[in-house]
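Per-entry structural report
Letter by letter, the chains look like this.
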Amino acid sequence: MSLYETIFTRRSVRQYDKATLDTASLAEIQNYVGGVKQLPGHFAKFEIVDSAKLKGGIAPYAILACADDNDAALANIGYTLQCVDLWLQSVGYGSVWCGMAAPKEPEPDYKILLGFGRTAVPPRIGEDDFKRKKISDISDTDNTVAHAVRVAPSAVNFQPWKLSFADGKVTVEANVRGIGKLLPGRLFLFDIGIALRHVELALQHEGKIVTTFTVHGKGKDLSVEVEYT
Ligand SMILES: Cc1cc2nc3c(=O)[nH]c(=O)nc-3n(C[C@H](O)[C@H](O)[C@H](O)COP(=O)(O)O)c2cc1C
């Protein structure tokens, strides 16, 4: 299954088959993670660990993400690890973003982790199987890109994004007013990056090529312009 198709079948997996993964499977995953394209100018680091090294872990394994402490760096982790989330589920593993878990031993620059392992639950059947906001609540246009972003994972399923479309350009804006104040910390910044990955995969599905990502503002005023041809 392609990454684009997996957007509509993935889920946060919280039930796992506890059997360990063999060294070759873990090496294949590490290799995939190392090859994923990051946002231009970003160089987050990713490390696979066993859940025994975590507090609050949900899955048997995790990919720890470490990066600088700025808003664009957190969005980049969202963008990068969401590709891994989709790939893992496209090849039959389960995965789940974990904002509430952390390594037991302090890791410098640690920001968030993606848990994974052998899934014990089936994938979703399709778009109707997602509990999400209406397209009109997150986008000024009803199109392929908006449908792909609508089903993206987000911390506490808050879906803190607003999309707008212009010729050759999609803008993803943070939308964390009101109840968004209840979102712990800066988790919504990962969500913005996750949305960017879904934007890019949907554009590629339509035969477009993304040329630039331009970050504007910060915190609750963050927005990212995605240009394509
Ligand atoms: C940045 C981020 C942090 C998350 N943290 C947790 C977490 O700590 N525990 C958990 O069970 N789910 C966590 N989730 C998963 C969300 O709850 C989930 O994506 C959302 O409810 C939508 O469900 P779905 O992923 O099955 O479509 C997180 C998701 C994101 C994107």
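As a reminder, the structure under discussion sits directly above these lines.
Residues numbered from 1 in each chain as written. Predicted model: local features only at pLDDT ≥ 70, side-chain atom pairs only at ≥ 80, totals over all residues. Heavy atoms only, no water.

**With respect to the packing of helix 3 (residues 71-90) against helix 6 (residues 187-205)**
Short version of the rule: The axes used here are C-alpha line fits, helices contributing only the stretch in contact, and every angle between their N-to-C directions lies in the interval 0 to 180 degrees. Put simply, DSSP H or I for four residues or longer makes a helix, DSSP E for two residues or longer makes a strand, and each gets a number counted from the N terminus. Should an angle fall under 35 degrees it is taken as roughly parallel, and over 145 as roughly antiparallel, whereas 65 to 115 is taken as roughly perpendicular and any remaining angle as oblique. Each crossing gets its hand from how the near helix is turned against the far one by less than a right angle, where anticlockwise is left-handed and clockwise is right-handed. Contacts are residue-level and defined by heavy atoms, with any inter-residue pair within 4.5 Å sufficient. Residues are grouped as follows: Ala, Val, Leu, Ile, Met, Phe, Trp, Tyr, Cys and Pro are nonpolar; Asp, Glu, Lys and Arg are charged; all remaining types, including Gly, are polar.
Where helix 3 contacts helix 6, the axes come no closer than 6 Å and their chain directions differ by 50°. In terms of their interaxial angle, helix 3 and helix 6 are classed as oblique. Crossing of helix 3 over helix 6 shows right-handed handedness. In this structure, helix 3 contributes Asp71, Leu74, Ala75, Ile77, Gly78, Tyr79, Thr80, Gln82, Cys83 and Leu86 to the contact, and helix 6 contributes Leu189, Phe190, Gly193, Ile194, Leu196, Arg197, His198, Glu200 and Leu201. Split by residue class, the contact of helix 3 with helix 6 holds eleven nonpolar, five polar and three charged.

**Here's the deal with the packing of aromatic side chains**
Put simply, the rule reads: In this scheme Phe, Tyr and Trp rings, the latter by its six-membered ring, pair at centre separations within 6.5 Å, and the angle between planes marks the pair as stacked below 30 degrees, edge-to-face above 60, and tilted otherwise. Relative accessibility decides the category of a residue: with a 1.4 Å probe and only protein chains considered, values under 20% of the type maximum give buried, values over 50% give exposed, and everything between is partly exposed. The rule for a charge over a ring is simple: NZ of Lys or CZ of Arg within 6 Å of the ring centre, and within 35 degrees of the ring normal.
Tallied over the entire structure, the rule returns five aromatic pairs. The interplanar angle of 25° and the centroid separation of 5.6 Å between the aromatic rings of Tyr61 and Phe116 together place this pair among those described as stacked. Of this pair, Tyr61 sits in strand 4 (residues 61-66) while Phe116 sits in strand 7 (residues 110-119), and the two are 55 residues apart along the sequence. Just as Tyr61 is buried, Phe116 falls in that class too. Here the aromatic rings of Trp97 and Phe190 are separated by 6.4 Å at their centres, their planes lie at 40°, and the arrangement is tilted. One end of the pair, Trp97, is in strand 5 (residues 93-98); the other, Phe190, is in helix 6, and 93 residues separate them in sequence. Owing to a relative accessible area of 16%, Trp97 belongs among the buried residues under this scheme. With relative accessibility at 5%, the residue Phe190 sits in the buried group. In this structure, Arg124 packs its charged tip against the face of Phe130, placed 4.1 Å from the ring centre. The residue whose ring lies beneath Arg197 is Tyr79, and the NZ or CZ to ring-centre distance is 3.8 Å.

**A short note on the site of the ligand**
The test is simple: If even one non-hydrogen atom of a residue comes within 4 Å of a molecule or strand, that residue is called near it. Nitrogen and oxygen atoms within 3.5 Å of one another constitute a polar contact, given that in protein one can donate a hydrogen and the other can accept it, and given that sequence-neighbouring residues count only through two side-chain atoms. Per-residue and other accessible areas follow the Shrake-Rupley method at a 1.4 Å probe size, with only the shown protein chains counted as cover for residues.
Every one of the 19 residues lining the ligand counts as a neighbour, but Arg10, Ser12, Arg14, Gly99 and Arg132 are closest to it. The contact in question runs from an oxygen atom of the ligand to an N or O atom on the backbone of Met100, over 3.0 Å. The contact in question runs from an oxygen atom of the ligand to an N or O atom on the side chain of Arg132, over 2.6 Å. Notes on the ligand: free accessible area 630 Å², of which the protein chains cover 86%.

**Thoughts on the layout of surface pockets**
Under the convention used in this document: Put simply, the grid is 1 Å and covers the protein atoms alone, a cavity is a trapped set of points that fit a 1.4 Å probe, a pocket is an open set with protein on both sides within 12 Å along at least five of seven lines, and lining residues have an atom within 4 Å of a point. Grid points are joined across faces, edges and corners, and a volume is the space filled by probe spheres set on the points. Residue ranges labeled as domains rest on an automatic or database domain assignment.
The calculated volume of the largest pocket comes to roughly 530 Å³. What lines the largest pocket is a set of 25 residues, and nearest its centre among them are Ser12, Arg14, Ser154, Ala155 and Val156. For the lining of the largest pocket, the secondary-structure elements that each account for two or more residues are strand 5 and helix 6. With four residues, the top contributor of residues to the lining of the largest pocket is helix 6. Among the residues forming the lining of the largest pocket, the class breakdown is 13 nonpolar, five polar and seven charged. Counting residues domain by domain, the lining of the largest pocket receives three or more from each of domain 1 (3-119) and domain 2 (127-228).

**Some thoughts on the nonpolar core**
Using the following cut-off: In these notes, a set of buried Ala, Val, Leu, Ile, Met, Phe, Trp, Tyr and Cys residues joined through side-chain atoms within 4.5 Å is what counts as a nonpolar core.
Ile29, Ile63, Leu81 and Leu88 are the most contacted members of the largest nonpolar core, which totals 66 residues. The element best represented in this core is helix 6, accounting for twelve residues. Looking at this core, you find at least three residues from each of domain 1 (3-119) and domain 2 (127-228). Leu81 has contacts with Phe46, Ile63, Ala65, Trp97 and Leu114, leaving out every residue within four places of it along the chain. Counting 13 residues, the second largest nonpolar core, distinct from the first, contains Leu54, Ala59, Val96 and Ala101.

**What to know about helix 3**
Heads up, the rule is: Given the number of residues in a helix, its expected span is that number minus one, multiplied by 1.5 Å.
Compared with the 28 Å implied by 1.5 Å per residue over 20 residues, the 29 Å span of helix 3 between its first and last C-alpha is a close match. Within helix 3, 20 of the 20 residues are buried, leaving the element largely enclosed by the surrounding structure. Capping the start of helix 3 is the job of one residue whose side-chain oxygen sits 3.2 Å from the backbone nitrogen of Ala72: Asn70.

**Considering the sheet that holds strand 11 (residues 223-228)**
To keep things clear, this is the line we draw: Any two strands between which DSSP finds at least two bridges are classified as paired.
Read from one edge of the open sheet, four strands run 8-9-11-10, paired in antiparallel fashion. Only two strands of the sheet have a single neighbouring strand rather than two, namely strand 8 (161-166) and strand 10 (210-216). Between one strand axis and the next, the sheet turns by 15° as a mean value, whatever way the strands run. Here five bridges tie strand 9 (residues 169-174) to strand 11, and the two strands are oriented antiparallel to one another.

Worth remembering: the numbers are spatial, not functional.
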